[in-house]
Amino acid sequence: MRAIKGILLTCDAAVKQILLIMNEKESFIIEDLDDHHVVIKAEHEWRVRQDLESELEKNTYSVD
Amino acid sequence: MPSVQLNSHSENAEKKHIEHALLPFLQSQSQNTLTRLYQRPSSCLSLFRLLEPVERQIIMSLLWLESAIPQSTMNTWVNREGRKLYDEAIATLGRLNILPTNLTNKLALNTTFKMSFRQALTGGGTSGSFGVPAENDDKSPAQDLESLDSFALERWETILHYMVSSGTEQQPTKPSQGVLYLLQRSGLMSTFQGVLRITSAGFQFLLHSPHDQLWDLLLQYLHLAEERQMDLVEVLGFIFMLSTMELGKEYSTENLSGTQKAMLEDLRDYGLIWQRKPTSRRFSPTRLATTLTSASPPLPTSSGNSSGPQEGFIILETNYRVYAYTDNPLQTAVLNLFVSLKYRFPNLVVGSITRESVRKALANGITADQIISYLMSHAHPQMRKNNPLLPVTVQDQIRLWELERNRLKSQEGYLYTAFASQADYEFVLHYAKELDVVLWENASRRCFFGTLGGHANIKGFIERRAMGSNQ
Amino acid sequence: MDNSSHLSVVLDLSPAQWYQSPLSLDSFLAQLLVFLNAHIALKHDNSLAVFGALPDKSVMLYASSEPPMDTPATSDPNCYPPFKRLDSAVTARISEQLEDPLLDVTTPSAIVGALTKALCYINRLSVATGLVDPRILILSVSPDLSNAYIPIMNSIFSAQKLKVTIDAGQIYGPDTVFLQQAAHLTGGSYLHLTETSALLQYLIMTFLPPPSIRKVIAVPTQDKIDFRAACFCHKNIVDIGFVCSVCLSIFCQPTPVCSTCRTKFPIKTLQRLNASRPLTISSANNSARPTPVSTPRSAATAARHPPMSAESIQNGSGTSAVANGSGH
């Protein structure tokens, strides 16, 4: 039996896919659990959130 | 897409059921404190007015009875559909020690409360709890209502304006040390790198109605008074007394206790009372104080100028444009929390609600619901003709922007995997479930995720088991 | 549910009736003032108006929207100022009115006048500020005045239109038919007090809860309502009436011409109706008119619910007695 320390991310399927692609660049995923859950290394959480934010930001358009 | 339409009617109905912020505080006090508080007729009257309508009627029905009546007798007056409300009311009154629970299944008011409240209704007694009026003084006549209002407004807006512009380049007037301490103590502001900055609780506070803000601060003041070893009964009694006083009259400080005299300075800083000078032996309550237990607006005109009707000044269009008919710097600053402002005219501020401006507000800890309810409560009379009040598209979009921010939820903990057998897995999982620490599980992969807090227990459990099987 | 509410109280101050009542006017007023204070206490924004019905005239005694001028006596550290103002204004105005030497104590009091004033006042406030759930409470000690039937009915209709609830309490004397109907038709509560020792408790349990609270805590309602009407010709309260089929005016006996709308009825119909009149009732109608108490309510054959049509009267009474117009 093993216990691995990490952070459980709960997200929707689309975000999950973006996370997987980001993982290819720089690995941070410990375990890919299912469509909505993934366990990542705790120290990467802040960076992952930032990267995800800017990735999602690319898909939004504003009127100005 | 979630349907998030709200009609203003149901919103109002919901609001009515929220009990007054002071009541939980009172319920946490000892029976002794409460009974001492009920010795003053003015306290009973003010507290009575903070209660729910059904609770008020129950008190009235029991007030003039000399002996206790069986619960079953009272129950016959309750309609079946009102049963739940009635039971809740009885429970609340029990917690407030107004209707002490006893074993005999009979209802009777707390004797102290009964005596004082009867006295409040009939007048008489010698408690002087409604404030001793000051002798008329021809040399210095009482302040007129207008200057009292502007004093209260100035004090109150100084506090709010200081909060909203902290952390910006503006240098607004600083409120007194006492106020700053209270703001910090209540968590509405906190020191960040040596500078006092507004917190997310503070941002939420700014969007409340003046009435709620006032009670929020007074509640914090009560907590502070508790810490300072001030007598709560004196403090509350004074606040309640203020709420029964007459606007525009002067009262004497002679009959106040030491604690109450010490409160004068704090209450002056909040704008609740006016005094000619700190040593003056008389004081006048302002509108902030006299409307504490009523629904009328605590501030004369929320911006103190001539820019149109003050109860509402915001027009929101379906294209996310916001037109705010105000020249009040505080209102503009509050709007600036979630609107990107574009033009400013002498009596009008124009801006629009954008994704960026809402995200900035959300990052500050303001919720979508708070933005929407602020817009609703300050909507221009012209807007009130619309049903629903706010354009549904804008409401939905603000909520969607909030949802968008929460696409990723993270929880720290441990992933338990590589169990030797299914039985092993189920055994540990069962234990973890009993502790209620399981966040995710998958039987086919034989692993589960537990919270950080549960790890020590699970670890210990597995070790004990391993040791047991080794022997 | 927690809106401010308005209450207008109509007080019957007829000296002759109070003289006979076991409860003195002074002790009534003392308890009433506590009740009025309780209404103000319920909510800071509750409004109140008090009207007095005196012999042949009605006056407004107090209105919270127009508070009386401050007197030095209103500064009392032991009394909530609004209570003090209300109490002293009402007592002072009442004694001022009752001491009027021109007052003819035997004239019945003008309850309808006071009721109408109360309705006008509520209407004015509604237009200006938009009242929610306004209420009128009539506290009466006088018996029904049958010539007040038409104005009372008209007041009830206006109250219905204004969505005003009328509560009524008969503190002394026999049940009143008209106040029962007023309470019933506007969704209010009617109370006939037989026991005056606990007057305040009755007032608080029955008349203090605003309509929204009555959904939770019930107030006494009538299980039997006397629906009889007064005829237009002799102002008698009638058990069997004759209704003009054109304008629905009520008469105690068949008439050849309707006095209200001038419709002429054929002689034949008159004869038929006269023939069908039970003799006992017609004599009762003309001589001693039955008091509401002495007549069993189930026998109120011509129970005329005002909005009802002529047909329902025909169905309601076993001995059908309807004047048929033939003017068309």
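Residues numbered from 1 in each chain as written. Chains lettered and ligands numbered in written order. Predicted model: local features only at pLDDT ≥ 70, side-chain atom pairs only at ≥ 80, totals over all residues.

Per an unreviewed UniProt entry, chain C is named General transcription and DNA repair factor IIH subunit TFB4, and its organism is Crepidotus variabilis. Per UniProt, chain C carries the Subcellular location (unreviewed entry) text "Nucleus". Recorded in UniProt for chain C, the comment headed Subunit (unreviewed entry) runs: "Component of the 7-subunit TFIIH core complex composed of XPB/SSL2, XPD/RAD3, SSL1, TFB1, TFB2, TFB4 and TFB5, which is active in NER. The core complex associates with the 3-subunit CTD-kinase module TFIIK composed of CCL1, KIN28 and TFB3 to form the 10-subunit holoenzyme (holo-TFIIH) active in transcription." (UniProt positions renumbered as here; feature names shortened; annotations may be inferred.)

The name an unreviewed UniProt entry assigns to chain A is General transcription and DNA repair factor IIH subunit TFB5, from the organism Crepidotus variabilis. Chain A has a UniProt comment under Sequence similarities (unreviewed entry) that states "Belongs to the TFB5 family."

By a widely used convention, the size of an interface equals the accessible area lost when the partners come together. In this complex, chain B contributes 37 residues to the contact, which on the side of chain C involves 32 residues. Counting residues per element, the ones that place at least two in the side of chain B that touches chain C are α4 (41-50), α5 (53-63), α7 (83-95) and α8 (111-122) of chain B. Per-element accounting of the side of chain B that touches chain C gives the leading share, 6 residues, to α5(B). Looking at the side of chain B that touches chain C residue by residue, the class counts come to 16 nonpolar, 16 polar and 5 charged. (Contact = placed C-beta atoms within 7 Å. Helix = DSSP H or I, 4+ residues; strand = E, 2+ residues; numbered from the N terminus. Nonpolar A, V, L, I, M, F, W, Y, C, P; charged D, E, K, R; others polar.)

The next thing to look at is the interface of chain B and chain A. Across the boundary between the two partners, chain B contributes 22 residues, which contact 25 residues of chain A. Among the secondary structure elements, those contributing two or more residues to the side of chain B that touches chain A are β12 (408-417), β13 (438-442) and α21 (455-470) of chain B. At 10 residues, the largest contribution of residues to the side of chain B that touches chain A is made by β12(B). The residue inventory of the side of chain B that touches chain A, partitioned by class, reads 11 nonpolar, 6 polar and 5 charged. Here strand β1 (residues 2-11) of chain A pairs with β12(B) via 10 bridges, running antiparallel. When the sheet's bridge partners are listed, Leu8(A) is paired in β12(B) with Gln411(B). (Pairing = 2+ DSSP bridges.)

We now examine unusual backbone geometry. For the bond running from Asn387(B) to Pro388(B), omega is -5 degrees, close enough to zero to count as cis. Topologically, Pro388(B) is positioned in the loop between α18 (368-377) and α19 (392-405). Backbone geometry at Asp436(B) places phi at a positive 60 degrees, although glycine is not the residue there. Relative to the assigned elements, Asp436(B) resides in the loop between α20 (422-435) and β13. Classification of Asp436(B) by C-beta neighbours within 10 Å gives exposed; the count is 8. In this structure, Lys163(C) takes a positive phi of about 60 degrees despite not being glycine. Within the secondary structure, Lys163(C) is located in the loop between α5 (149-162) and β5 (165-170). Looking at Lys163(C), the number of C-beta atoms within 10 Å reads 15, which means it is partly exposed. (Buried ≥ 20, exposed ≤ 12 C-beta atoms within 10 Å, placed from the backbone.)

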